[in-house]
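# An overview of the molecular structure
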Amino acid sequence: MNEMMRHGTATVEIKTGYGLNMDSEVKMLEAINELQQEEMMTVVPTFIGAHAYPPEFKENRRAYVELILGKMIPYAGKRHLAAFCDVFCEKGYFDLEESESS
C-alpha cells in the first residue's frame, strides 16, 4: 500500500475469493477491514465468495451457491465486513443463472 500511495493511489479495492469457505472468506474480510483502520488510504472491501467452486462442490455447484447466499453474504452483511459483493461470471466458473442468483 505504501508503494501504491507513492504513485498517487488514494483508494484501493481489495477482494476476497480465494478462501472458498466461510472461515477463510471471513478471515480475509476481517484482514481487509484492519487495513481500513490504518487510514493510510481508502480501502474498499469486496466479498467475492463466488470466485470459483471448491473441489468438494464440484458435483453440487448449487449447494455452494446456496452456502454463499444463505450464510456467507448474510454474515458479512450483518458484521458490515464488505462494501460490495461480486461474482466471477465467466465460462467455467459461475454461469449467468448462478451469477444472477448470487
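Use the structure listed above.
A full pass over the atoms with the stated rule returns four aromatic pairs. Judged by centre distance (4.7 Å) and plane angle (70°), the ring pair of Phe 88 and Tyr 93 falls under edge-to-face. On the basis of relative accessible area, Tyr 93 is assigned to the partly exposed category, the value being 35%. Here the aromatic residues Tyr 53, Phe 57, Tyr 64 and Phe 94 are joined through ring pairs into a cluster of three or more.

This next bit is on the side chain of Thr 46. With respect to the element layout, Thr 46 can be found in strand β2 (residues 42-50). Take Thr 46: its relative accessible area is 1%, and that puts it in the buried class. There is a polar contact of 2.6 Å between the side chain of Thr 46 and the side chain of Glu 13. Discounting chain neighbours no more than four positions away, the residues touching Thr 46 are Glu 13, Ile 14, Lys 15, Thr 16, Leu 29, Phe 84, Cys 85 and Asp 86.

Moving on to the pattern of salt bridges. Within the structure shown, the criterion is met by five salt bridges. Between Arg 79 and Glu 30 there is a salt bridge whose closest N-O contact spans 3.0 Å. You can see Arg 79 sitting in the loop between α3 (61-78) and β3 (84-87) and its partner Glu 30 sitting in helix α2 (residues 22-37), a full 49 residues away along the chain. Between Arg 61 and Glu 98 there is a salt bridge whose closest N-O contact spans 2.8 Å.

Criteria and cut-off values
Residues numbered from 1 in each chain as written. Predicted model: local features only at pLDDT ≥ 70, side-chain atom pairs only at ≥ 80, totals over all residues. Heavy atoms only, no water. Phe/Tyr/Trp six-rings, centres within 6.5 Å; stacked < 30°, edge-to-face > 60°. Buried < 20%, exposed > 50% of the residue type's maximum accessible area, 1.4 Å probe, protein only. Helix = DSSP H or I, 4+ residues; strand = E, 2+ residues; numbered from the N terminus. Polar contact = N/O pair within 3.5 Å; in protein donor to acceptor, adjacent residues only side chain to side chain. Contact = heavy atoms within 4.5 Å. Salt bridge = Lys/Arg side-chain N within 4 Å of Asp/Glu carboxyl O.

Geometric descriptors of this kind do not, in isolation, establish any biological role.
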